[in-house]
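These are the residues of each chain, in order.
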Amino acid sequence: MANVTDLQTKYSKLAQEYSKLRAQNQVLKKAVVDEQANSASFKEQLKLRDQSLRKQEQEMDSLSFRNQQLAKRVELLQEELAVSDAKGKKGKSKADSPSQHGLETQSVFDEDLQKKIEENERLHIQFYDADEQHRKQEAELTTRLQELEKDLEQHQAVVDGLTTKYMETIERLQSDKARLEVKAQTLEREAKECRMRTEECQQQVRRCQSELNRQVKQSSTVIQEKVPFNDTKIGDYNSLNVPPHNRRHQLKARDVAGQALSFIQDLVAALLNFHSYTEQRVHIYPLDSSIEPISPLNQKFSQYLHENAAYVRPLEDGFLQLHQSITEDTVTVLETVVKLKSFADNFSSYTHFLQKILPYQLKSLEEECNASPCTAALIAKNQELQSDMKKVTSVFEKLQSYIKLLALPSARQDAMPQSSTSAVFTQLAACLHSLHDAIKEMSKHYNQKASFEQELPTITQKLCTTTECLLGSLGSLTSSTGKISTFFSNNLDFFTSSGYSPRGSTVALNPLQAESMLANKKKAAAYIHAIKQGRTQSVPYREALSNRRILTSSTESREGLTQQVQQSQDKIARLEQEKEHWLLEAQLGKVRLEKENQRIADLESQLAAALGGSPNPRPAAASTLSESHEEAEREQNAAGKETTLCTSLVGMLCTTPTVEHVGDEESREQLIKTHYMARVGELTTQLQISDSKAVHFHSECRALAKRLAIAEKSRETLSEEVRLANQNVTRLQDELTTTKRSYEDQLSMMSDHLCSMNETLSKQREEIDTLKLGSKNWEVIGGIGVAAGA
């Protein structure tokens, strides 16, 4: 489970790094795109500058050509001036007015030439200055372009590196995810197998429980009938060996429980102080809640720490109830100490509380490490404290497991083997020593951390006071855990010894034996008290045994005679029924015999009459037929009356008897008997149907009872799942808070990065505007040069 938690922590950290790298990648991509756009714009500007440079070179060539033309013209003018001067000297005497006019013309040309020369010189100077400035700007732009290309290559290399790292991180996360999925599937299969094995074990336990209940009932019957006394002096008379009551063991157990209660009270007070001062420190450092709000993580941590009393106080209350349940008149073994289960539940709830606040403690220490005045030594001590807190929480989890094991016999009402009990107590003592060592190490690291914090310039008096109180609570916690571990080790022999156990057996005392032992103790005390008061006389043991044997034999003989009498009565009743049946059969046989004799007599008389009247047969036959007809009519009339009579006597029986059954009461009784027998058969069939329905309903009720038990178990399972789901929801909410905080930190980092990028972009835009302004100045200078050339 710890490995799964570590993997989940690593996975969450990798996810945070991945989101951070992804955000940085997006920013770098945008920066690269902007730099590419700026490079393209610079290339376009360079192209325009080249075009303007070529244009200015063409203008310079045209100006050079124009300058050469002007120089040639000046030379021609100078030659003409020389010729005109020579002619003027020759014809000086001819006319003064034309020479005066020529001189004036010559002076005008000289002035014009001088102006042209000055303008040409000025244009040469401007062209040289513009050429030098253009070369400087071209060199600067070339250098700037090279720098931008280098920056572009560096950004591209960074982007490639981040992309590679991003792909490697994705592959690693995918492999971790696949591995975790495989592990989750394996754990699910193991959980299913465990559930199946648990169901099988539960079925076996139910079968064993039913078998044990049957054996207990049988044994109880045997004990009640065969074992009237229990003698600890003469072992031959003992069929059930119940241990005697150990008063010294009870007094020792109560004394040990009282000492443990005082140590538990000290431990509870130290834990309450530790959690309370930790809550005060969270409100003070690294941010003072009275000046500025603390982080949401520390707020949640403070809220959980504020609830510590609801988890710590029940430890003292549960152990106090356990101490009160141990008296001189009770039996103190693991199987009978029911209050140990409530103390184990309270300890489990406090362990869950430590597991819940552990991530917040670690995050709070990380937040202290991220604070500005935190030094490297403080960071190291915070990391050591993180490992100490993890160790303390793991030791509390082990203690919870062992205490639950000790409380299990009282919850299940079953005895635990003595070897298992000794092993659990030994491991519990070792775990208590580990807890003392872990808390001692944490106290030492906290002292070192406090000494380092005293050297910080931003430390306050409130924080110093809270830290001193926290160190004091840690000292008392170390002292109380040391006392508990020493006390448990000193009394380990008492805990592992069997104070109550049947003689000749290594199995511990079970609750039924404890109840019978207390009942025997009460009976013995009442019997001795009655003997002292003279209300009862004591009978010798051997005489009591002989009386018991006589009483048992007489009881058995009386029960045997009672069974014989009952069997004889049943046999007599069965014989009476058979007698009545055979009497009825005899009467019916007699009736049939009389009918047959009468019929034979009638046939003989008819035969004799037929043989005696042969000379005149026809009249005799006619007379005989008429007589027979009249007799048949009489019989029919009589039969009609008898039929009506039978109908009135028997409501559901209606018969029409023949000539042979006229006046036959036995036949009527036989018909009545047949009717009632058929009715009894119908009622028997209905009774069998009712019995089958009752058996069916009974089986259905048993099935419904089983289904109800299964539904109760499923309800308990679902309740446990709901509790676990609520714990998962709480844990996920905590993780959501942590993730939200990390995302907010990333957004703040991204905002700072975007601000720096915006500043860089604004500087680049200013440089571009400066270059554009310089290019415009060059265009203005070129236009002036062109105008001057023209």
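Conventions adopted
Residues numbered from 1 in each chain as written. Predicted model: local features only at pLDDT ≥ 70, side-chain atom pairs only at ≥ 80, totals over all residues. Heavy atoms only, no water. Helix = DSSP H or I, 4+ residues; strand = E, 2+ residues; numbered from the N terminus. Buried < 20%, exposed > 50% of the residue type's maximum accessible area, 1.4 Å probe, protein only. Contact = heavy atoms within 4.5 Å. Areas by Shrake-Rupley, 256 points an atom, 1.4 Å probe, with all protein chains shown as cover. Phe/Tyr/Trp six-rings, centres within 6.5 Å; stacked < 30°, edge-to-face > 60°. Lys NZ or Arg CZ within 6 Å of the ring centre and 35° of its normal. Core = buried A, V, L, I, M, F, W, Y, C linked by side-chain atoms within 4.5 Å. Salt bridge = Lys/Arg side-chain N within 4 Å of Asp/Glu carboxyl O. Arc of directions from axis to C-beta. Axes fitted to C-alpha atoms, helices over the stretch in contact; angles between N-to-C directions. Parallel < 35°, antiparallel > 145°, perpendicular 65-115°, else oblique. Left-handed = near helix turned anticlockwise from the far one by under 90°. Nonpolar A, V, L, I, M, F, W, Y, C, P; charged D, E, K, R; others polar. pLDDT = per-residue confidence, 0-100.

1. A few points about the overall build of the protein
Each helix and strand in the protein was counted, giving 14 helices and 0 strands. For the protein, the succession of helices and strands along the chain, N to C, is α-α-α-α-α-α-α-α-α-α-α-α-α-α. By the burial criterion, 26% of the 790 residues in the protein qualify as buried. In the protein, of all internal contacts separated by at least 6 residues, the share reaching a separation of at least 24 is 84%. Carbon and sulfur atoms make up 56% of the accessible area of the protein, which amounts to about 53200 Å² in all.

2. Describing the packing of aromatic side chains
What the rule picks out here adds up to 13 aromatic pairs. Seen from their ring centres, F301 and Y360 are 6.4 Å apart, and the 10° between their planes marks the pair as stacked. Here Y360 lies in helix α6 (residues 339–370) and F301 lies in helix α4 (residues 296–306), a separation of 59 residues in the sequence. Taking the relative accessible area as the measure of exposure, F301 reaches 2% and is therefore buried. Cluster of aromatic residues (ring-pair linked, three or more members): Y311, F319, F343, F347, Y350, F353 and F396. Across from the ring centre of F494, 6.0 Å away, lies the NZ or CZ of K252, which sits over that ring. A cation sits over an aromatic face here: K356 above Y304, 4.6 Å from the ring centre.

3. Comments concerning the nonpolar core
By size, the foremost hydrophobic cluster in this structure holds 56 residues, and its most contacted members are L340, Y350 and F488. Contributing elements (two or more residues each) for this core: α3 (247–284), α4, α5 (309–325), α6, α7 (376–412), α8 (418–454), α9 (461–490) and α10 (492–496). With 12 residues, the next largest nonpolar core counts F274, M389, L470 and L474 among its residues.

4. Describing the pattern of salt bridges
Enumeration over the complete set of coordinates arrives at 18 salt bridges. Here R135 makes a salt bridge to E132, at a shortest N to O gap of 4.0 Å. With a gap of 3 residues between them, R135 and E132 both fall in helix α2 (residues 96–226), about one helical turn apart. For R135, a relative accessible area of 48% corresponds to the partly exposed category. The shortest N-O distance in the salt bridge between R179 and D176 comes to 2.6 Å. Placement of both R179 and D176 in helix α2 is noted, with a separation of 3 residues, approximately one turn of the helix.

5. Overview of α4
Within the sequence span of α4, burial applies to L297, N298, F301, S302, Y304 and L305. The buried residues of α4 all sit within an arc of 160° when viewed along its axis, so they share a single face.

6. Observations concerning the packing of α3 against α4
Remark: α3 packs on α4, axes separated minimally by 9 Å, with the N-to-C direction vectors making an angle of 160°. Relative to α4, the element α3 lies roughly antiparallel. In this structure, α3 crosses over α4, and the sense of that crossing is left-handed. Across the interface between the two elements, H275, T278, E279, V282 and H283 of α3 pack against N298, F301, S302, L305 and H306 of α4. Of the residues that constitute the contact of α3 with α4, the class distribution is 3 nonpolar, 6 polar and 1 charged.

7. Quick look at the side chain of Q361
Tracing the backbone shows Q361 in helix α6. Discounting chain neighbours no more than four positions away, the residues touching Q361 are F301 and M389.

8. Focus on the packing of α4 against α6
With their axes 10 Å apart at the nearest point, α4 and α6 run at an angle of 145° to one another. The crossing of α4 and α6 is left-handed. Of the residues in α6, those in contact with L297, N298, K300, F301, Y304 and L305 of α4 are F353, K356, I357, Y360, Q361, K363, S364 and E367. Its residues assigned to classes, the contact of α4 with α6 comprises 7 nonpolar, 3 polar and 4 charged.

9. What to know about the environment of L173
Mapping L173 onto the fold places it in helix α2. Considered as a pair, L173 and L14 are 159 residues apart in the sequence and their alpha carbons are 7.4 Å apart. Setting aside its immediate chain neighbours within four residues, L173 contacts Y11, L14 and Y18.

10. Points about the confidence of the model for the protein
Detailed reading of the predicted model is not advised wherever pLDDT is low. Averaged over every residue, the pLDDT of the protein is 76; residues scoring 70 or more account for 79%. No element of the protein has a lower mean pLDDT than helix α13 (residues 617–649), at 42, and none a higher one than α9, at 89. Under a pLDDT of 50 for its full length, residues 227–240 has, in the predicted model, 20 contacts with residues more than four places off or in other chains. Across residues 614–663, confidence stays below pLDDT 50; counting only partners more than four residues off in sequence or on other chains, it has 22 contacts.

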